[in-house]
Amino acid sequence: MIAKPARPLPKSFHVKSFGCQMNAYDGARMGELLESQGMVAAEADDADLVLLNTCHIRERAAEKVYSDIGRLAKRGREAGRDKPMIAVAGCVAQAEGAEISRRAPAVDVVVGPQAYHRLPELIARAATGGEALDTDMPAVSKFDALPKRRRQGPSAFLTVQEGCDKFCTYCVVPYTRGAEISRPWGQIIDEAKALVDAGAREITLLGQNVNAWAHDGRGLHDVIEELAKMPALARIRYMTSHPNDMADGLIAAHRDIEKLMPFLHLPVQSGSDRILKAMNRSHNAASYLRLIDRVRAARPDIGVSGDFIVGFPGESDADFEETLSLVRAIGHAFAFSFKYSPRPGTPAASMAEQVPAALMDERLQRLQALIAEQQYAFNRATLGKSCAVLIERDGKLPGQKLGKSPWLQSVLLDGGAIGDLVEVEIIQAGPNSLQGSAKILAAA
Ligand code: 5AD
Ligand code: SF4
């Protein structure tokens, strides 16, 4: 990293997180850490330190960081203003390391996702003009070195598992986040208690392979069962899961634990067994469908969501048709779909038969249209029914509030207070959100 002139220690900071919920969680924890050091949160334009918490999953996400750095560096060229200290965290930091400051010399700190507890030291070093790069994956967990959770909205994230050993051939996660690690039981329960004490009514347990969580002979369903005993906690969710780690106990939890919400994000990626094999997914379309049947037998109203990749190397028209058939057979509440993006260092990036961009665009459009149709149908099925809604924030209109249904649908309400769990009648269903009736608004 290039040596720089010394500068004052930053007093204010702004964290901008890209990508997945695990990054949102890391971003929140980095913010808490900086606050514990006496720094105050500020808007990006005013902050002395801007921390870009980056995502490397697809090329477009990874490139975004460089345009942001360019914009921030420009501030230093404006009359009378200093450039903020710029820190790059997250998976781009891990994957590209020192290359980042070579490409963007305005960057002052580079810190990987397993080393961010060392941010205060790195910032101090950068302030003296020294090298501030840390992409270690230390054996000592960063979680032990982070301050206790505080100030919480109604819905909180809690990372319980990190990393991935699955090595799907398209994916950078095993390289940027490292091997699968489960946080210990006691640490998770303590953090959940702190979150609930700080006002959380819903906790979403997070992990790249959250359902692979295992510790001292316990599985994720044991964590869920323990959390369900907390009286002030009303809802529990978890994501993202891998089909091969969907244990019987977890499926049964969907039947037995009322606080576990009827929603499952279980990526399948493709409907073609040939492509699934090339992706190293170690499941096929039929085994995935059997799994969904078992989950639905345990919890018939469960909303299923997933991730799909179109245009994986070698994907033919027939392979893609199989994806559409699988999507039709599943019937989603929601799903993400992406164009395949070759990632440096992954096996798929060097496979022959890369699919032309125009064909990927066309497939993505067709898949997204089908998923949107399913999502709209799922939303319409709630019309006239009532369900519990957790109010999370203000809506755009005066007096309007926005909450979530058990199936993770956004519900707009005229009234209620943030943090309330209310019973609501659904009076309108749109493709992306629902409208609830305030008439029978009553604290549940
Ligand atoms: N290209 C496109 N999509 C990808 N994903 C992971 N790697 C890639 C890639 N190289 C998608 C998968 C995964 C989600 C988080 O991102 O669908 O489930
Ligand atoms: Fe990536 Fe596959 Fe691991 Fe998911 S299971 S993080 S897609 S390697």
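Residues numbered from 1 in each chain as written. Chains lettered and ligands numbered in written order. Predicted model: local features only at pLDDT ≥ 70, side-chain atom pairs only at ≥ 80, totals over all residues. Heavy atoms only, no water.

### With respect to the packing of helix 1 (residues 21-36) against helix 5 (residues 119-127)
So, step 1. In the contact formed by helix 1 and helix 5, the axes pass within 10 Å of each other and the chain directions differ by 65 degrees. Listed contacts from helix 5 to Met30, Leu33 and Leu34 of helix 1 are Leu119, Pro120 and Ile123.
So, step 2. For the contact of helix 1 with helix 5, the residue count by class is six nonpolar, no polar and no charged. (Axes fitted to C-alpha atoms, helices over the stretch in contact; angles between N-to-C directions. Helix = DSSP H or I, 4+ residues; strand = E, 2+ residues; numbered from the N terminus. Contact = heavy atoms within 4.5 Å. Nonpolar A, V, L, I, M, F, W, Y, C, P; charged D, E, K, R; others polar.)

### Considerations on helix 12 (residues 317-330)
So, step 1. A rise of 1.5 Å per residue sets the reference length of helix 12, with its 14 residues, at 20 Å; its end C-alpha atoms lie 20 Å apart and thus fit the reference within 8%.
So, step 2. All of the buried residues along helix 12 are Asp319, Phe320, Thr323, Leu324, Leu326, Val327 and Ile330. Along the axis of helix 12, the buried residues cluster in a sector spanning 160 degrees; they form a single face. Turned more than 90 degrees off the buried face of helix 12, the exposed positions are Asp317, Ala318 and Arg328.
So, step 3. At its buried positions, helix 12 is contacted by helix 10 (273-278), helix 11 (285-298), strand 15 (303-310) and helix 13 (357-380).
So, step 4. At the exit of helix 12 stands Gly331, carrying a positive phi of roughly 75 degrees. (Expected span 1.5 Å × (residues − 1). Buried < 20%, exposed > 50% of the residue type's maximum accessible area, 1.4 Å probe, protein only. Arc of directions from axis to C-beta.)

### Topic: the sheet that holds strand 6 (residues 133-134)
So, step 1. Taken in spatial order, the six strands of this open sheet run 2-1-3-4-5-6, and their pairing is parallel. Across the chains shown, the open sheet's two edge strands, defined by having one partner strand only, are strand 2 (40-41) and strand 6.
So, step 2. By the bridge criterion, five bridges tie strand 3 (residues 49-54) to strand 4 (residues 85-89) in an arrangement that is parallel. By the bridge assignment, Leu52 is partnered in strand 4 with Val88.
So, step 3. Across the sheet, helix 2 (residues 59-75) is in contact with strand 1 (12-17), strand 3 and strand 4; its angle to strand 3 comes to roughly 170 degrees. (Pairing = 2+ DSSP bridges.)

### Looking at the environment of Asp248
So, step 1. Secondary-structure assignment places Asp248 in helix 9 (residues 248-256).
So, step 2. For the pair Asp248 and Arg294, spaced 46 residues apart in sequence, the C-alpha to C-alpha distance is 9.3 Å.
So, step 3. A distance of 2.6 Å separates a polar atom in the side chain of Asp248 from a polar atom in the side chain of Arg294. (Polar contact = N/O pair within 3.5 Å; in protein donor to acceptor, adjacent residues only side chain to side chain.)

### Focus on the UniProt feature "binding site: [4Fe-4S] cluster 1" (unreviewed entry) in the protein
So, step 1. In this numbering, the UniProt entry assigns the feature "binding site: [4Fe-4S] cluster 1" (unreviewed entry) to Cys20, Cys55 and Cys91. Separation in sequence by 72 residues is not matched in space for these annotated residues, since their most distant C-alpha atoms are only 10.8 Å apart.
So, step 2. Summarising the element assignment, Cys20 is placed in the loop between strand 1 and helix 1.
So, step 3. With a relative accessible area of 10%, Cys55 lands in the buried category. (UniProt positions renumbered as here; feature names shortened; annotations may be inferred.)

### Re the side chain of His56
So, step 1. For His56, the location among the structural elements is in the loop between strand 3 and helix 2.
So, step 2. Excluding residues that lie within four positions of it along the chain, His56 makes contacts with Ala62, Cys91, Val92, Ala95, Glu96, Val172, Thr176 and Arg343.

### A closer look at the site of ligand 1
So, step 1. For ligand 1, the full set of nearby residues is Ile57, Arg58, Tyr170, Gln269, Asp307, Ile309, Phe338, Lys339, Tyr340, Ser341 and Arg343.
So, step 2. At 3.0 Å, a backbone N or O of Tyr170 approaches a nitrogen atom of ligand 1.
So, step 3. Here an oxygen atom of ligand 1 sits 2.7 Å away from a polar atom, N or O, in the side chain of Gln269.
So, step 4. Taken by itself ligand 1 offers 400 Å² of open surface, and the protein chains cover 87% of this.
So, step 5. Within the residue set of the shell around ligand 1, elements represented by two or more residues are strand 15 and strand 16 (334-339).
So, step 6. The residue makeup of the shell around ligand 1, split by class, is five nonpolar, two polar and four charged. (Near = heavy atom within 4 Å. Areas by Shrake-Rupley, 256 points an atom, 1.4 Å probe, with all protein chains shown as cover.)

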